[in-house]
Amino acid sequence: MTDREYLKQLRIPTKDNPLRILMSACLSGISCGYDSTANGEYPTALKILQYDTVKVVRFCPEEFSYGTPREMSDIHGGTGFDVLEGKAKVLSESGKDWTEGMIKASEKTLEIAKKENIELAVLMDISAACGSQVIYAGNRFSENKVYQIGAGVAAAQLSDCCSINKKRI
């Protein structure tokens, strides 16, 4: 979830010391969505790529574990935090249990964030991996799809790291 106080305290980046941002690869125009698309165009995200005071590291957790194209997946029984705690599952649209792969993808996301000394993450909302504010509660293709406030698995992994360690990634 967005930490407004953290955002207020971000340093002023320079060309020599750019702000290091982890970005969902699909937001940056990479065709890594479940259906091999980039899920549309996101002008604000694309603008970030053009700043010379920003270093963007792009990553798609779901592509890491399942490739592209792949089935759509959603969290069932909770949020990404619940998945990390073993209380919820990630299921593909055909019902396959993708929980283990999604947790491995979230661990890779965290590994990259630490290695790159990431200061900020810009993530694709409603994704079972990257959603940071809102995700689906169960299958997004159901007749009565439901949204819930919460994080995807990779977003939860990043958030847990930051809040437990009380420092940036």
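Every chain begins its residue count from 1, and numbering advances along the sequence as written. Only residues with pLDDT of at least 70 are given local features in this predicted model, and only at 80 or more are side-chain atom pairs given and counted; all residues enter the totals for whole chains, interfaces and linings. Remark: hydrogens and water are excluded; side-chain values derive from all non-hydrogen atoms of the structure.

**As for the overall build of the protein**
Note the cut-off: Only DSSP runs of H or I covering at least 4 residues are called helices, and only runs of E covering at least 2 are called strands; the numbering of each starts at the N terminus. We take the radius of gyration over the C-alpha atoms and set the globule estimate at 2.2 Å times the residue count to the 0.38 power. Only protein chains enter the accessibility calculation, which uses a 1.4 Å probe. A residue is then buried if its area is under 20% of the maximum for its type, exposed if over 50%, and partly exposed in between. Here, residues are in contact when the closest pair of their heavy atoms is within 4.5 Å. Throughout, the Shrake-Rupley method with a 1.4 Å probe supplies accessible areas, and for residues the shown protein chains are the sole cover considered. We treat Lys and Arg as the positive residues and Asp and Glu as the negative residues; His and chain ends play no part in the count. To locate a charge, take NZ of a lysine, CZ of an arginine, CG of an aspartate or CD of a glutamate.
When helices and strands are tallied, the protein shows six helices and seven strands. The N-to-C order of helical and strand elements in the protein reads α-β-α-β-α-β-α-β-α-β-β-β-α. Computed over C-alpha atoms, the radius of gyration of the protein comes to 16 Å, within 12% of the 15 Å expected from 2.2 N^0.38 for 169 residues, which places it in the range of a compact globule. Its C-alpha atoms give the protein principal-axis dimensions of about 50 × 35 × 25 Å. Across the 169 residues of the protein, 41% fall into the buried class. Long-range contacts, defined as pairs at least 24 residues apart, comprise 63% of the intrachain contacts of the protein with a sequence gap of at least 6. When the accessible surface of the protein is totalled, it reaches about 9,100 Å², and 52% of it is carbon and sulfur. The averaged location of the 22 negative side-chain charges in the protein is 6 Å from the averaged location of its 21 positive side-chain charges.

**Let's talk about the sheet that holds strand β1 (residues 19-24)**
Strands pair in a sheet through their backbones, by hydrogen bonds, and they do so in one of two ways: parallel or antiparallel. As a reminder, the rule being used: Between any two strands, pairing holds if DSSP finds at least two bridges. All axes are obtained by fitting lines to C-alpha atoms, using only the stretch in contact for helices, and the reported angles, taken between N-to-C directions, cover 0 to 180 degrees.
Ordered in space as β2-β1-β5, the three strands form an open sheet in which the pairing is parallel. Either end of the sheet is taken by a strand with one partner, and the two such strands are β2 (54-59) and β5 (120-122). Between one strand and the next, the sheet's axes are offset by a mean angle of 25°, whatever the strand orientation. Note: β1 against β2, six bridges, orientation parallel. Looking across to β2, one finds that Arg20 is bridged to Lys55.

**Re the environment of Asn117**
Relative to the helices and strands, Asn117 resides in the loop between α5 (99-115) and β5. Measuring from C-alpha to C-alpha, the distance between Asn117 and Lys96 comes to 34 Å, with 21 residues separating the pair along the chain.

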